Amino acid sequence: MEIRNPDYRQRATAIFSDAPFINDLGIEPLSISPGFVESRLTILPRHLQQDRFIHAGVQATLADHTAGAAAFSVIGADQLVLTSGFSINLMSAASGEELRARAQVLKAGQRLICVESSVYAISGGVEKLVAKAMVTLAVLPGPD
């Protein structure tokens, strides 16, 4: 991936620390490289739905936000990205102590960036793929 902003790591990290909803959930970045981000969420009771599985909304938020961070790693310093399209397949009921998302930029265009996110539930040290998302992000000029 082409590095268009030498401060890409700092900008991608900031979208986790600067987003109140993401902070409320507890999502944090683990690894950031051009076109790739891995994040994690330690599961708490508030992340569960009524049947004690990890809520689909939590999984979707993790997949989407991690994809956004991956897109931030390939845009210019004077740009930002916003999700313009999103689909997720929940492949298995998610349970465990932690969720991890890995987002990989598939195509970084001038106006749209396509990212694939995989979400894994970790239980007893065993990782299980529980969701796959395809996220399309619009590239926009940053605020003045």
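Residues numbered from 1 in each chain as written. Predicted model: local features only at pLDDT ≥ 70, side-chain atom pairs only at ≥ 80, totals over all residues. Heavy atoms only, no water.

K.L.:
Help me out: how do you make sense of the overall build of the protein chain in this one?
P.N.:
The helix and strand inventory of the protein chain stands at 3 helices and 6 strands. From first element to last, N terminus to C terminus, the protein chain shows the α and β order α-α-β-β-α-β-β-β-β. For 144 residues, the compact-globule estimate of 2.2 N^0.38 gives 15 Å, and the C-alpha radius of gyration of the protein chain, at 15 Å, lies within 12% of that figure. Dimensions of the protein chain, computed from C-alpha atoms along their principal axes, come out at roughly 45 × 25 × 25 Å. Taking the contacts inside the protein chain whose residues are at least 6 apart along the sequence as the reference set, 66% of them involve residues at least 24 apart. When the accessible surface of the protein chain is summed, it comes to about 7,300 Å², and 52% of that surface belongs to carbon and sulfur atoms. The average position of the 12 basic charges and that of the 14 acidic charges among the side chains of the protein chain differ by 4 Å. (Helix = DSSP H or I, 4+ residues; strand = E, 2+ residues; numbered from the N terminus. Rg over C-alpha atoms; globule rule 2.2 N^0.38 Å. Contact = heavy atoms within 4.5 Å. Areas by Shrake-Rupley, 256 points an atom, 1.4 Å probe, with all protein chains shown as cover. Lys, Arg positive; Asp, Glu negative; His and termini not counted. Charge placed at Lys NZ, Arg CZ, Asp CG, Glu CD.)

K.L.:
I'm lost on the side chain of Thr66 in this one. Help?
P.N.:
With respect to the helices and strands, the residue Thr66 is situated in helix α3 (residues 56-72). On the accessibility criterion, Thr66 (0% relative accessible area) is buried. A distance of 2.7 Å separates the side chain of Thr66 from the backbone oxygen of Leu62, its partner in a polar contact. For Thr66, the residues in contact, after removing those within four places along its chain, are Phe16, Val37, Ser39, Ala101 and Ala103. (Buried < 20%, exposed > 50% of the residue type's maximum accessible area, 1.4 Å probe, protein only. Polar contact = N/O pair within 3.5 Å; in protein donor to acceptor, adjacent residues only side chain to side chain.)

K.L.:
I would appreciate a short explanation of the pairing of strand β6 (residues 126-141) in the present structure.
P.N.:
Here is the key point about a regular strand: its side chains alternate between the two faces of the sheet. Where strand β3 (residues 79-90) meets β6, 11 bridges bridge the pair, whose relative direction is antiparallel. Note that in β6 the partner of Asn89 across the bridge is Lys132. Looking at chain direction, strand β5 (residues 112-123) and β6 are connected through 12 bridges and run antiparallel. Each bridged residue has a counterpart across the sheet, and for Val115 the counterpart in β6 is Val135. (Pairing = 2+ DSSP bridges.)

Coordinates in, geometry out; function isn't part of it.
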